[in-house]
Amino acid sequence: MSELAISKKVASIPPSATLAVTDKARELKEQGRPVIGFGAGEPDFPTPDYIVEAALKACQDPKNHKYSAGPGLMELREAVAAKTLRDSGYEVDPTNVMITNGGKQAVFTAFAVTLDPGDEVLLPAPYWTTYPAAIQLNDGVPVPVLAGSDQEYKVTVEQLEAARTDKSKVLLLCSPSNPTGAVYTPDELKAIGEWALEHNLWVLTDEIYEHLVYAGTEKAHIVSVVPELAERTIVMNGVSKTYAMTGWRVGWMIAPAGAAKAGRTYQSHLTSNVNNVAQRAALAAVSSDLGAVEQMRVSFDRRRQLMTGMLNDIEGVYLPEPRGAFYCYADVTGLLGREWGGKVANTSADLANIILEEVEVAVVPGEAFGTQGHIRLSYAVSDSDITEGVGRIQQLFA
Ligand code: PLP
């Protein structure tokens, strides 16, 4: 008997292009090839000891062996509220905080509680590969608003206004950005925030890379520069990138009362509470100072400078200085149409394949982020991998 058809909605979602590259690189590595991977979206550091110790202790306490409150442990929700005041400069009631299974579930839930079928989401591109999928799975329509390397990958109010229709419901912001490393200045955020307020949009702000900012770049929180937006803003955040805790799966959503309540109901049916041991680990992370984070940030900064310099030395490659997160997003349109090893690179996907096959370096093509003609390289890898891997790319394109 043949299998019955699966839902059209789910079938329409493409698999993650980031994972496709990682899988191909892994396959080559398993064959014993000396592949260098720049695909990873996670810190290469272990989770700091004091966080791991809090988890070990939590394992031994029977109260953590049971179901707990759906929206999260109250101590953790309080700590997230306190940390938001410390880092973002505005006050949040702990009841408006909901703990989620990673930042990803906060993103998904934020779209679930704001979108009705056909509602449009203004989505600055290049964008993180999950946003369009999460929007479509929640019956919304992604409307990409393109910002190229010539504008440091940051959209302007004029571009957003040109893309706005009477169906526009949500504006998505991700600063510092995956994949570009762009960071909006306080003035840029203020202009965008005032525009969003004027047009009654929800602002969904993804702050998962908030602490990874370099070169003295000034940053601000959209609610601290436009306080009236508090009632229309949903924050999506988590411990994954800041504390090298990607595998622990703890994130959070901060929303105004109605959206927070809807989120709690939704989560109560979907996943119930987040793993208690992981929540206790996240509590240790969020309530501590940022000392361990600063050490990792300094390493990322050194690698950022190394990789950016090496990439910009290649003729046909250009990237504006990435100021946050841990990615270089290089414009490679100057390399397209050329041939290497008998293969022509007509697109950045072709180019990424050629780089992998010819010099065994894995990069993610811009197609995954809504902008053909680019490649993304993560610098959350060792300095020696950067020197060797980008060195091989330099040789290939010399
Ligand atoms: N938001 C952005 C922009 C990301 O890059 C990621 C992870 O890659 C996430 C959210 C989700 O993070 P988490 O691992 O906490 O689900």
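Look up a bit, the structure's there.
Here's what I pulled together on the structure shown here. (Residues numbered from 1 in each chain as written. Predicted model: local features only at pLDDT ≥ 70, side-chain atom pairs only at ≥ 80, totals over all residues. Heavy atoms only, no water.)

### Some details on the overall build of the protein
Link 1 in the chain: When helices and strands are tallied, the protein shows 14 helices and 14 strands.
Link 2 in the chain: At 21 Å, the protein has a C-alpha radius of gyration in line with the 21 Å of a compact globule built from 398 residues.
Link 3 in the chain: Principal-axis analysis of the C-alpha atoms gives the protein an extent of 65 × 60 × 55 Å.
Link 4 in the chain: Put simply, the protein has 398 residues, and 54% of those count as buried.
Link 5 in the chain: In the protein, the proportion of contacts linking residues at least 24 apart, taken out of those at least 6 apart, comes to 74%.
Link 6 in the chain: Of the roughly 17000 Å² of accessible surface on the protein, 53% is carried by carbon and sulfur atoms. (Helix = DSSP H or I, 4+ residues; strand = E, 2+ residues; numbered from the N terminus. Rg over C-alpha atoms; globule rule 2.2 N^0.38 Å. Buried < 20%, exposed > 50% of the residue type's maximum accessible area, 1.4 Å probe, protein only. Contact = heavy atoms within 4.5 Å. Areas by Shrake-Rupley, 256 points an atom, 1.4 Å probe, with all protein chains shown as cover.)

### Observations concerning helix α2 (residues 17–30)
Link 1 in the chain: Look at α2: 20 Å from first C-alpha to last across 14 residues, which is about the 20 Å you get at 1.5 Å a residue.
Link 2 in the chain: Where α2 is buried, its residues meet α13 (348–359), β12 (361–362), β13 (364–365) and β14 (374–378).
Link 3 in the chain: G32 sits one or two residues past α2 and shows a positive phi near 90°. (Expected span 1.5 Å × (residues − 1).)

### Points about the packing of aromatic side chains
Link 1 in the chain: Following the criterion strictly, the structure yields ten aromatic pairs and no others.
Link 2 in the chain: Ring plane angle 55° and centroid distance 5.0 Å describe the contact between F326 and Y327, whose orientation is recorded as tilted. The pair formed by F326 and Y327 is uniform in burial state, with each residue classed as buried.
Link 3 in the chain: Each member of the aromatic cluster is reached from another via a ring pair, and the members are F45, Y209, F300, F326 and Y327.
Link 4 in the chain: Across the ring face of Y184, the terminal group of K154 is positioned such that the distance to the ring centre comes to 5.9 Å. (Phe/Tyr/Trp six-rings, centres within 6.5 Å; stacked < 30°, edge-to-face > 60°. Lys NZ or Arg CZ within 6 Å of the ring centre and 35° of its normal.)

### Looking at the site of the ligand
Link 1 in the chain: Taken together, 13 residues lie around the ligand, and G103, D206, S240, K241 and R249 are the ones closest in.
Link 2 in the chain: One nitrogen or oxygen atom from the side chain of N178 is found 2.7 Å from an oxygen atom belonging to the ligand.
Link 3 in the chain: At a separation of 2.6 Å, an oxygen atom of the ligand approaches a polar side-chain atom of S240.
Link 4 in the chain: When the ligand sits alone it has 390 Å² of accessible area, and the protein chains cover 92% of it.
Link 5 in the chain: With three residues, helix α5 (residues 102–114) is the largest single contributor of residues to the shell around the ligand.
Link 6 in the chain: For the shell around the ligand, the residue count by class is five nonpolar, four polar and four charged. (Near = heavy atom within 4 Å. Polar contact = N/O pair within 3.5 Å; in protein donor to acceptor, adjacent residues only side chain to side chain. Nonpolar A, V, L, I, M, F, W, Y, C, P; charged D, E, K, R; others polar.)

### Observations regarding the side chain of T217
Link 1 in the chain: With respect to the helices and strands, the residue T217 is situated in the loop between β6 (202–206) and α9 (222–225).
Link 2 in the chain: With relative accessibility at 15%, the residue T217 sits in the buried group.
Link 3 in the chain: Of note is the side chain of T217, whose polar atom sits 2.6 Å from the backbone oxygen of Y214.
Link 4 in the chain: A polar contact of 2.8 Å, which involves the side chain of T217, links it to the side chain of R323.
Link 5 in the chain: Apart from the residues lying within four places of it in its own chain, the contact partners of T217 are V183 and R323.

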